[in-house]
Amino acid sequence: MSPQYYLGALLLMCGALAYLQEGPSSLSVYALRLGPGEEIVTSLFKFVEEKKLKAPFVITCVGSVTKATLRLANSDALNTNEIIYLNERLEVVSLVGTLNEHAHLHISLADKDGKTIGGHALGDLEVFTTAEIVIGEASTLQFTREMDNHTGFPELVIRPRSEDAIKG
């Protein structure tokens, strides 16, 4: 095969490695229940900070909210797209994503007729009755975000934690 083939394959592999983790990681699981009036995103950030979690993510969440702020799909660096503000009682059908410094959370909500809407959860998720949240942490990894010139957004970077951080 030609040297260009090998160079192309090497460059492709190097680019792909930026998105791969370093092998499997053990998992710690936490459960959190929020009550009426609490804001979900703020509470999650506070929980992550208190527990000093380095690679946290939302496994699942069910409950209800009285309002929400969402960014809808089709965003890019130049067009942050439509942001909607919901002010009604909604069921949380799903909430998933990573919880590092700049969380990346997506939510699906259902109204009183069962119609759903979903998008990037920007916050203002005020609990109506309850929010039952299960949080996971990859124990040997660390999540950060760095600006990605291709997308124009801070994107997830996955790194192994240092041995000292894992033991401590």
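Treat the numbers as computed from the prediction; the structure is a model and nothing was measured.

(A) Expanded view of the overall build of the protein chain. The helix and strand tally for the protein chain stands at three helices and eight strands. Looking at the protein chain as a whole, 32% of its 168 residues qualify as buried. Considering only intrachain contacts with a sequence separation of at least 6, the fraction spanning at least 24 residues in the protein chain is 64%. For the protein chain, the accessible area works out to roughly 10,400 Å², and carbon and sulfur atoms hold 56% of it.

(B) Structural view of the pattern of salt bridges. Here the structure, examined in full by the defined rule, presents five salt bridges. Between Asp113 and Lys112 there is a salt bridge, with its nearest N and O atoms 3.4 Å apart. For the salt bridge of Glu146 with Arg159, the shortest nitrogen-to-oxygen distance reads 2.6 Å. Here Arg159 lies in strand β8 (residues 153–160) and Glu146 lies in strand β7 (residues 141–148), a separation of 13 residues in the sequence. A relative accessible area of 38% places Glu146 in the partly exposed class.

(C) Quick peek at helix α2 (residues 40–51). The end-to-end C-alpha distance of α2 is 16 Å, a good match for the 16 Å that 12 residues give at a rise of 1.5 Å each. Buried residues in α2 make contact with β1 (27–34), β2 (56–71), β4 (90–98), β5 (104–110) and β6 (116–138). For α2, the capping residue at the N-terminal end is Glu39, with a side-chain oxygen 3.1 Å from the backbone nitrogen of Val41. The first or second residue beyond α2 is Lys52, which carries a positive phi of 55°.

(D) Geometry of the environment of Leu95. For Leu95, the location among the structural elements is in strand β4. Along the sequence, Leu95 and Ala121 sit 26 residues apart, while their C-alpha atoms lie 8.5 Å from each other.

(E) Representation of the pairing of strand β3 (residues 83–86) in the model. The alternating pattern of β3 places Ile84 and Leu86 on a buried face, while none of Ile83 and Tyr85, on the opposite face, is buried. Strand direction decides the pairing type here: β2 and β3, joined by four bridges, are antiparallel. Counted as the bridge partner of Leu70 is Ile84 from β3.

(F) The arrangement of the confidence of the model for the protein chain in detail. Per-residue pLDDT for the protein chain averages 83, and the proportion of residues at 70 or more is 79%. Here residues 2–19 scores under 50 on pLDDT; set against residues more than four positions off or in separate chains, the count is three contacts. Long-range and interchain partners of residues 164–168, a stretch whose pLDDT sits below 50, account for three contacts in this model, where long-range means more than four residues apart.

(G) View of the layout of surface pockets. Of the volumes computed, that of the second largest pocket is approximately 230 Å³. Top element by residues in the lining of the second largest pocket is β8. It accounts for three residues. Grouping the amino acids of the lining of the second largest pocket by side-chain chemistry returns three nonpolar, three polar and three charged.

Parameters at a glance
- Residues numbered from 1 in each chain as written.
- Predicted model: local features only at pLDDT ≥ 70, side-chain atom pairs only at ≥ 80, totals over all residues.
- Heavy atoms only, no water.
- Helix = DSSP H or I, 4+ residues; strand = E, 2+ residues; numbered from the N terminus.
- Buried < 20%, exposed > 50% of the residue type's maximum accessible area, 1.4 Å probe, protein only.
- Contact = heavy atoms within 4.5 Å.
- Areas by Shrake-Rupley, 256 points an atom, 1.4 Å probe, with all protein chains shown as cover.
- Salt bridge = Lys/Arg side-chain N within 4 Å of Asp/Glu carboxyl O.
- Expected span 1.5 Å × (residues − 1).
- Polar contact = N/O pair within 3.5 Å; in protein donor to acceptor, adjacent residues only side chain to side chain.
- Pairing = 2+ DSSP bridges.
- pLDDT = per-residue confidence, 0-100.
- 1 Å grid on protein atoms, 1.4 Å probe; cavity = no way out; pocket = protein on both sides within 12 Å on 5 of 7 lines; lining within 4 Å.
- Points joined across faces, edges and corners; volume = space filled by probe spheres on them.
- Nonpolar A, V, L, I, M, F, W, Y, C, P; charged D, E, K, R; others polar.

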